[in-house]
Amino acid sequence: INVEIERFRIWCSEVAAHRIRRSSLDYKLREASHLRDRVLELLRGLEDVIREANEIICGDKVPWEDLSDIDSDCPEDELPQVEATTELQQLVSNMAEIVTCLMQLSMSLQNPAPHDQFKGSIHIDMTHFETFDIEHVRGKFPNAEEYLVTRLGKAISRRRQYLRYRDLHRKKLEQGLQLPEPAPPVIQSTVASPIPLAVKTSSSIVDLVKNDYYEDTLSQTSYASSTNDATRLRPPPLPEQGQDGAPFECPLCFRFTSVRQVSSWHKHVYRDLQPYVCSFEGCIIPDSTYESRHDWFNHEVQAHRTWWECISGCNLPFHSHSDFQRHLQLVHADCSSEERLSDIMRSCERNINMDAEAQCVLCQQHLPSLTQLRHHLGKHYEELALFALPSYMNDDQDESDDD
């Protein structure tokens, strides 16, 4: 039992299950109900197992191996039949299985995709922007690998989808609060309409006039694609209503917020856009986006920039989790049982030195350390994310380098 308690403590520490506010697991799962429900299911199961084990240890419950025909109304052949296993041992085994499931979820819990956030926007089709957005990334970074160009371009399109959803959701909530607008006068004309029939059947002319989102977005697309590298996109200016720390409605997510500095406003913008994406081709969660440089690079360090040094006496290096696990099972099977395997792998894991030299995967610039790469590549990601903003959000000339 003590072993499983220690494993559970390690899991809590890794996913910040014991913390509160922005760093907590509860905050990370705020937009991922599918993962939150799974975690709660496992934790409730663990709670039930611990309660039953505690009842047996305290003598409040008779374990099944001590039950007799006199103590039970059930026929003997209906009693639990577990060879050489007590009920307490079975409960400890169940506890170990639950903790293992929680550990297997750890990577998804570190930065869960905003499932609930995008669930409502899935019906909004923005796939027609993907070609523009992918070409924009390719035009800015012609030497980048094609998988990353495509990944970043599609991420921009998904941001457009989310921003459009938030805008429509805001307008839906305010229905009934505004006075109805007078109907436009009907003008009879024999002149053929220039609007295609397909457009007429899918949307009214009034809706097309009011909905300037697509026109603004296309203007932004043509503008940003034609500018040179010296002209950088920057976060929109802090709304006037938010000056001096006053609460205001964010024009991106349409939620009320309050900031004291321009740099804090920029951080809020990037939290909405989630600009950071894993740069490794073999990532098992390639479409996940991150709201801070720390979360993004922490994922890369833990999932892709780690290596394993085999146990004492062997010391072979491995750069793949699966290769090292296979090595342990084949060469060190005597000391790497299934129960100990995860603990051995964790103890043998080594993180790369942040002072190691690196190269930007987008512009190919050589950098003296991974710390500088995090800042350098992060700025590329931020500018690409801003490309999803409609053009009516004017650029802010102030720039913040804060993480």
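- For the chain, the name recorded in an unreviewed UniProt entry is C2H2-type domain-containing protein, with Melanomma pulvis-pyrius CBS 109.77 as its organism.

### Focus on the packing of aromatic side chains
Then, in step 1: Applying the stated criterion to the full structure yields five aromatic pairs.
Then, in step 2: Between Trp296 and Phe297 the ring centres are 5.3 Å apart and the planes differ by 75°, which places this aromatic pair in the edge-to-face class. Exposure class is identical for Trp296 and Phe297. Each is buried.
Then, in step 3: Between the aromatic rings of Trp296 and Tyr381, the centroid separation amounts to 5.3 Å while the plane-to-plane angle is 70°, which identifies the pairing as edge-to-face. Here the residue Trp296 occupies a position in helix H13 (residues 293–303), and Tyr381 occupies one in helix H16 (residues 370–386), the gap between them amounting to 85 residues.

### Here's the deal with a nonpolar patch on the surface
Then, in step 1: Taken together, Ile1, Ile5 and Ile57 make up a surface patch of nonpolar side chains, about 280 Å² in accessible area.
Then, in step 2: Along the polypeptide, Ile1 turns up in the segment before helix H1 (2–15).
Then, in step 3: The exposure class assigned to Ile1 is partly exposed, which follows from its relative accessible area of 38%.

### Looking at the packing of H1 against helix H4 (residues 87–104)
For any two helices packed against each other, the geometry is given by the interaxial angle and the distance between the axes.
Then, in step 1: With their axes 10 Å apart at the nearest point, H1 and H4 run at an angle of 20° to one another. Considering their axes alone, H1 and H4 lie roughly parallel with respect to each other. In the crossing of H1 with H4, the sense of the turn from one axis to the other is left-handed. Residues Glu4, Arg7, Phe8 and Trp11 of H1 lie in contact with H4, whose contacting residues are Val92, Met95, Ala96, Val99, Thr100, Leu102 and Met103.
Then, in step 2: Its residues assigned to classes, the contact of H1 with H4 comprises eight nonpolar, one polar and two charged.

Cut-offs used in this document
- Along each chain, residues carry numbers from 1 onward, in the same order as the chain's sequence is written.
- Residue-level local features of this predicted model are given only where pLDDT is at least 70; pairs of side-chain atoms are given and counted only at 80 or more, and the full residue set underlies all totals for whole chains, interfaces and linings.
- Values reported for side chains reflect all heavy atoms of the structure, with hydrogen atoms and water molecules removed beforehand.
- When two rings of Phe, Tyr or Trp (its six-membered ring) have centres within 6.5 Å they constitute a pair, described as stacked for plane angles under 30 degrees, edge-to-face for angles over 60, and tilted for the intermediate range.
- Burial classes: relative accessible area under 20% of the type maximum marks a residue as buried, over 50% as exposed, and values in between as partly exposed (1.4 Å probe, protein chains only).
- Put simply, DSSP marks the helices as runs of H or I at least four residues long and the strands as runs of E at least two long, and each gets a number from the N terminus on.
- Each patch is built from residues lacking any salt bridge and having more than 30% relative accessible area; the joining distance is 9 Å for like charges and 5 Å for nonpolar side chains (Val, Leu, Ile, Met, Phe, Trp, Tyr).
- The protein chains shown are the only cover counted for residues, whose accessible areas, like all others here, come from Shrake-Rupley with a 1.4 Å probe.
- Definition used for salt bridges: Asp or Glu carboxyl oxygen within 4 Å of a side-chain nitrogen of Lys or Arg.
- Think of each axis as a best-fit line through the C-alpha atoms, taken over the contacting stretch in the case of a helix, with angles from 0 to 180 degrees between the N-to-C directions.
- Here the word oblique covers every angle except those under 35 degrees (roughly parallel), over 145 (roughly antiparallel) and from 65 to 115 (roughly perpendicular).
- Rotating anticlockwise by less than a right angle from the far helix to the near helix defines a left-handed crossing, while the corresponding clockwise rotation defines a right-handed one.
- Throughout, a contact is declared for two residues whenever any of their heavy atoms are within 4.5 Å.
- All residues other than Ala, Val, Leu, Ile, Met, Phe, Trp, Tyr, Cys, Pro, Asp, Glu, Lys and Arg, Gly among them, are scored as polar; the first ten of these are nonpolar and the last four charged.

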